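This is what each chain is made of:
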Amino acid sequence: MPDLFRRAPAHTSTPWRSLLSVIACCAFVFASAPPMPAQPNNIVPAQIRYDEAGRTFRMDAADVSYIFGVNQSGELQTLYWGKRLRPADSIPEARAEPGSSAFDLPVNATPQEFTGWGGGLVVVPDLKITFPDGNRDLVLHYVSHAIRNNALTIVLKDISRGVFVELEYVIDPETGVLARSACVENRTHEPFTIEQAFAATWNLPGSADYQLRYLTGRWAGEWNLQQSALHPGKVVLESRRGSTGDEVNPWFAIERGSQPDQDVGDVWFGALGWSGSWQINIEEDWARRVRVTGGYTPFDFAYVLAPGQSLETPKFYGGYSSAGIGGASRLLHRFELDSIVPKAPHRRVRPVLYNSWEATGFDVNEANQEALAEKAASIGVERFVMDDGWFGERKDDHAGLGDWYVNPQKFPHGLRPLIDKVHSLGMDFGLWVEPEMVNPDGALYRKHPDWVLNFPGRPRTEGRHQLVLNLARDDVRAYIYGFLDKLLTENDIAFLKWDYNRNWSEPGWPAAPLDEQKEVYVKYVQNLYSILAELREKHPHVEIESCSGGGARVDLGILRLTDEVWPSDNTDPFDRLSIQDGFTYAYSPGLMMAWVTDSPNWMNDRSTSLEYRFLSSMQGGLGIGANLNKWTPDDFATAKKLVAEYKAIRATVQAGALYRLISPQGDSEYSVTESVARDGHEAVVFAFLHSSQQGRPYPRLYMRGLDPDAVYTIQVQVGKLADSSVQRASGDYWMHHGVGVSLRGDFQAAFFTLEREGTQ
Ligand code: GLA
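Residues numbered from 1 in each chain as written. Predicted model: local features only at pLDDT ≥ 70, side-chain atom pairs only at ≥ 80, totals over all residues. Heavy atoms only, no water.

Draft legend 1. Geometry of the overall build of the chain. Each helix and strand counted, the chain has 13 helices and 39 strands in total. By the compact-globule yardstick of 27 Å for 760 residues, the chain fits well, its C-alpha radius of gyration being 26 Å. Projected onto its principal axes, the C-alpha coordinates of the chain cover approximately 75 × 70 × 50 Å. With 760 residues in all, the chain has 62% of them scored as buried. Contacts in the chain between residues far apart in sequence, at least 24 positions, make up 70% of those at least 6 positions apart. Accessible surface for the chain amounts to roughly 27,400 Å². Of this, 51% is attributable to carbon and sulfur atoms. Between the centroid of the 73 positive side chains of the chain and the centroid of its 96 negative side chains there is a distance of 1 Å. (Helix = DSSP H or I, 4+ residues; strand = E, 2+ residues; numbered from the N terminus. Rg over C-alpha atoms; globule rule 2.2 N^0.38 Å. Buried < 20%, exposed > 50% of the residue type's maximum accessible area, 1.4 Å probe, protein only. Contact = heavy atoms within 4.5 Å. Areas by Shrake-Rupley, 256 points an atom, 1.4 Å probe, with all protein chains shown as cover. Lys, Arg positive; Asp, Glu negative; His and termini not counted. Charge placed at Lys NZ, Arg CZ, Asp CG, Glu CD.)

Draft legend 2. Quick peek at empty space enclosed by the protein. Inspection of every chain in the model, using the stated rule, returns 9 cavities of 30 Å³ or more. By volume, the largest cavity amounts to about 120 Å³. Lining the largest cavity are 13 residues, with Gln 580, Thr 584, Gln 619, Leu 658 and Thr 673 sitting closest to its centre. Of all the secondary-structure elements, those providing two or more residues to the lining of the largest cavity are α10 (573-586) and β33 (670-676). (1 Å grid on protein atoms, 1.4 Å probe; cavity = no way out; pocket = protein on both sides within 12 Å on 5 of 7 lines; lining within 4 Å. Points joined across faces, edges and corners; volume = space filled by probe spheres on them.)

Draft legend 3. Helix α3 (residues 324-340), seen in detail. When the terminal C-alpha atoms of α3 are compared, their 23 Å separation across 17 residues agrees well with the 24 Å that a helix rising 1.5 Å per residue should span. Taking burial as the measure, the 17 residues of α3 include 15 buried ones, the bulk of the element. (Expected span 1.5 Å × (residues − 1).)

Draft legend 4. How the structure looks around unusual backbone geometry. Put simply, Ala 344 and Pro 345 share a cis peptide bond, and its omega is 0 degrees. Residue position: Pro 345 is located in the loop between α3 and β22 (353-355). With an omega of -5 degrees, the peptide bond running from Ser 599 to Pro 600 counts as cis. In this structure, Arg 464 takes a positive phi of about 50 degrees despite not being glycine.

Draft legend 5. Structural context of the confidence of the model for the chain. Confidence in the prediction for the chain averages 94 pLDDT; 94% of positions are at 70 or higher. When the criterion is pLDDT under 50, residues 1-33 qualifies, and its contacts beyond four places in sequence or with other chains add up to 78 contacts. (pLDDT = per-residue confidence, 0-100.)

Draft legend 6. Inspection of the pattern of salt bridges at higher detail. This structure, assessed with the given rule, holds 47 salt bridges. One salt bridge in this structure joins Glu 543 and Arg 348, with 3.9 Å as the shortest N-O distance. Here the residue Glu 543 occupies a position in strand β28 (residues 543-546), and Arg 348 occupies one in the loop between α3 and β22, the gap between them amounting to 195 residues. Judged by its relative accessible area of 2%, Glu 543 is buried. A salt bridge links Arg 477 to Glu 534; the nearest nitrogen and oxygen atoms lie 2.7 Å apart. Taken together, the positions of Arg 477 in helix α8 (residues 474-490) and Glu 534 in helix α9 (residues 520-538) put the pair 57 residues apart, joining distant regions of the chain. Classification of Arg 477 as buried rests on a relative accessible area of 15%. Glu 534 gets classed as partly exposed once you look at its relative accessible area, which sits at 32%. (Salt bridge = Lys/Arg side-chain N within 4 Å of Asp/Glu carboxyl O.)

Draft legend 7. Geometry of the sheet that holds β28. With parallel pairing, the 8 strands of this open sheet are ordered in space as β29-β28-β27-β24-β23-β22-β31-β30. Each having just a single partner strand, β29 (564-565) and β30 (593-596) make up the two edges of the open sheet. Taken together, the 4 bridges between strand β24 (residues 428-433) and strand β27 (residues 495-498) define a ladder with parallel strand orientation. Note on β27: the bridge partner recorded for Gly 430 is Phe 495. Across the sheet, helix α5 (residues 366-378) touches β22 and β23 (383-386), and the angle it forms with β23 is around 155 degrees. (Pairing = 2+ DSSP bridges. Axes fitted to C-alpha atoms, helices over the stretch in contact; angles between N-to-C directions.)

Draft legend 8. View of α10. Between its first and last C-alpha, α10 extends 20 Å over 14 residues, near the 20 Å set by a 1.5 Å rise per residue. Among the 14 residues in α10, 12 count as buried, and that is most of the element. Residues Pro 573, Asp 575, Arg 576, Leu 577, Ile 579, Gln 580, Asp 581, Gly 582, Phe 583, Thr 584, Tyr 585 and Ala 586 constitute the buried set of α10. The backbone nitrogen of Phe 574 has a side-chain oxygen 2.7 Å away, supplied by the residue at the start of α10, namely Asp 572. (Polar contact = N/O pair within 3.5 Å; in protein donor to acceptor, adjacent residues only side chain to side chain.)

Draft legend 9. The packing of aromatic side chains, seen in detail. This model, assessed by the stated rule, comprises 41 aromatic pairs. Each ring, one from Phe 583 and one from Tyr 587, has its centre 5.6 Å from the other, and the planes form 50 degrees; the classification is tilted. For the pair Phe 583 and Tyr 587, a shared accessibility class is recorded, and that class is buried. Ring-pair connections join several aromatic residues into one group, and the members of that group are Tyr 50, Phe 57, Tyr 66, Phe 68, Trp 81, Tyr 142, Tyr 169, Trp 202, Phe 252 and Phe 316. The lysine or arginine in question, Arg 553, covers the ring of Tyr 500, its NZ or CZ lying 4.2 Å from the ring centre. Residue placement shows Arg 576 over the ring face of Trp 566; its charged tip is 4.7 Å from the ring centre. (Phe/Tyr/Trp six-rings, centres within 6.5 Å; stacked < 30°, edge-to-face > 60°. Lys NZ or Arg CZ within 6 Å of the ring centre and 35° of its normal.)

Draft legend 10. Just the pairing of strand β3 (residues 56-61), in detail. With 6 of its 6 residues buried, β3 lies for the most part within the structure. By the alternation rule, side chains of β3 split into Thr 56, Arg 58 and Asp 60 and Phe 57, Met 59 and Ala 61, which are all buried. The sheet contact formed by strand β2 (residues 47-51) and β3 spans 5 bridges and is antiparallel. The partner of Ile 48 across the bridge, within β3, is Met 59. Hairpin connection of β2 to β3: 4 residues between the antiparallel strands, including Arg 55 at a positive phi of 45 degrees. Sheet topology note: the β3/strand β4 (residues 64-70) ladder contains 6 bridges and is antiparallel.

Draft legend 11. Expanded view of the packing of α3 against α10. Two numbers describe how α3 lies on α10: the axes approach to 7 Å, and their chain directions differ by 75 degrees. Looking at the two axes, α3 sits roughly perpendicular to α10. Between α3 and α10, the contacting residues are Ile 325, Ser 329, Leu 332, His 333 and Glu 336 on the first element and Thr 584, Tyr 585 and Ala 586 on the second. When its residues are assigned to classes, the contact of α3 with α10 shows 4 nonpolar, 3 polar and 1 charged. (Parallel < 35°, antiparallel > 145°, perpendicular 65-115°, else oblique. Nonpolar A, V, L, I, M, F, W, Y, C, P; charged D, E, K, R; others polar.)

Draft legend 12. Structural detail: the sheet that holds strand β39 (residues 746-756). The strand order across the open sheet built from 6 strands is β32-β33-β34-β39-β35-β37, with neighbouring strands paired in antiparallel fashion. Here the strands that pair on one side only, and so sit at the sheet edges, are β32 (657-662) and β37 (728-730). Strand-to-strand, the axes of this sheet are offset by a mean angle of 25 degrees, without reference to chain direction. Across 3 bridges, the pairing between strand β35 (residues 711-718) and β37 is antiparallel. Bridged to Val 711 within β37 is Ser 730.

Below is the structure:
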């Protein structure tokens, strides 16, 4: 690179982050739930530089370089995204590609950073507008740029109209993850309609050998990892459900090479920060050029911008790893915990919680919750959460939603006695809510039938006997904020499990002006985010879990405002191995709650030992959801021991570096994870066996991510080693000679740690 590059110091602040760091100052800290361990301070700072001569922008952070320039046509052209280059490496200036024939115009052959639909563009555009005169041509060219506080801003403008687009790039110094977004502004004299608005186009280096991974699912079967070769054509990942959805999660990873390795190889990945309907397109052309675009789904989308108004897209995060898909996950995990979630980077570890749902269902009352609370406290639980059933006329899922008063039959003295009891047992108290929904059989709906999403004169399709409140409406927003604020003000509540149990139907907003009715897709989510932000500001000690019938609302947008997620209603400990494994491709184990529930489990009628169930759940944030009234004294003793052991290793599991030693994907008989502490002082291993076959021994395990020269001592907490004669050895020994575990039978599990010497 020529020396002409101007430097600017890097940082990762955004308005949200500043707000949340203020919140962090007032955080309530549990003695038994310490903050996450600090990050070793070996981060090379990020740099953003601009070369005036070549009109080239270069961002370098962690192991990543991202470079683009302005070409002779005025387009913003991607020049490089991948492994960090040397400072002196020179990149050819941006030059529009010529195209190969009359069918392949330069505008499509040139990898552009952000395109308007206009001229001869036939690839997926980022922005599509219809102007009031019927003209739909939009051609965006570079106008100016600014480098401020580690954010690079580029302004594009249509070649004749006052349509301005401000592109923002913020690079994370620790991981090289880029956050990109666009803000469209109408500086014409008339309103126009945005028909499609994406955050960014990511252009990958040319290759004919890419593998795409993404995550699909359904209720109680979320986080299925899909993998397929990329070919010319287009893959569309999308939710049209009004929320993130579990059918596809807004995350992708693209690996170079036909047989990608977990921890070796080039991987580009990305995730959208948006909790409404969304779309990601992965488009490959005849020349094997791959472009990824994403933002609001264009399906049923229209957003009218009056003169002077602007629309901001969701953030589209993108990253690169040279350490395979495993390395990509580890970067994302670190980025999420250190830069996305509230209170980052110093949030608490997840407390061990108890949840009443699988024990008492809707049938909660003061006596049965207090009895469960006593038992939960006896095994070391730190947070007691009462699930559905405590409010309105809630006896089952037919009634109650929307009527957020405490049910007087179940809790004659309000929530206070239960909360006091929970506190007296040394736990904090959490409560289930589903604020965005209403049962037609309820007082709120009878009073405000117009508050739900609906098309007048058409049926109102129910899901789980409930309808979706139209949160885009200001009165609905005020109602929801109002009842939650009151609940949190009047009761000492430390945690909300915020549920959302259906998809949208009939997404009409009849009270809005005709041309603004489709804005419901954007304004609903904006109001959801603003309620969460306002509640967090006013009640800074409250933590929130995002739940949507399991994992149907997990994305980097909701995670800016919530502390953890419920990945699946499926609590079968064997099914959970692959569900949790899939989850961690995109999201940190430190965000993922996992409960120990009853055996046989309701999902598959499968019986497993309590130890097996615990070890499965100890791979994330541990919770207990079993009916403790049925436990034997032995069960309590086992649980107490394992909860204590979990507390000793949870910081490593939740915030450490995850290595998938054996993946449970593809009906594997085995599943093994290893988590290495951030400061390297220990590694924690969980190993699972589905069923022994033909007397085959359990596969030997080769550790990863250890310091080759340090000495580690092995300690087995559950299970036994095939040969226990060597207890102390070097990192190289454990990584290359490996560990033999003796696991035989059906649904067996082991748990051991490697402690580095000299660190305690
Ligand atoms: C959803 C959640 C469950 C439970 C029920 C309560 O299904 O995912 O965990 O809270 O609602 O109705």
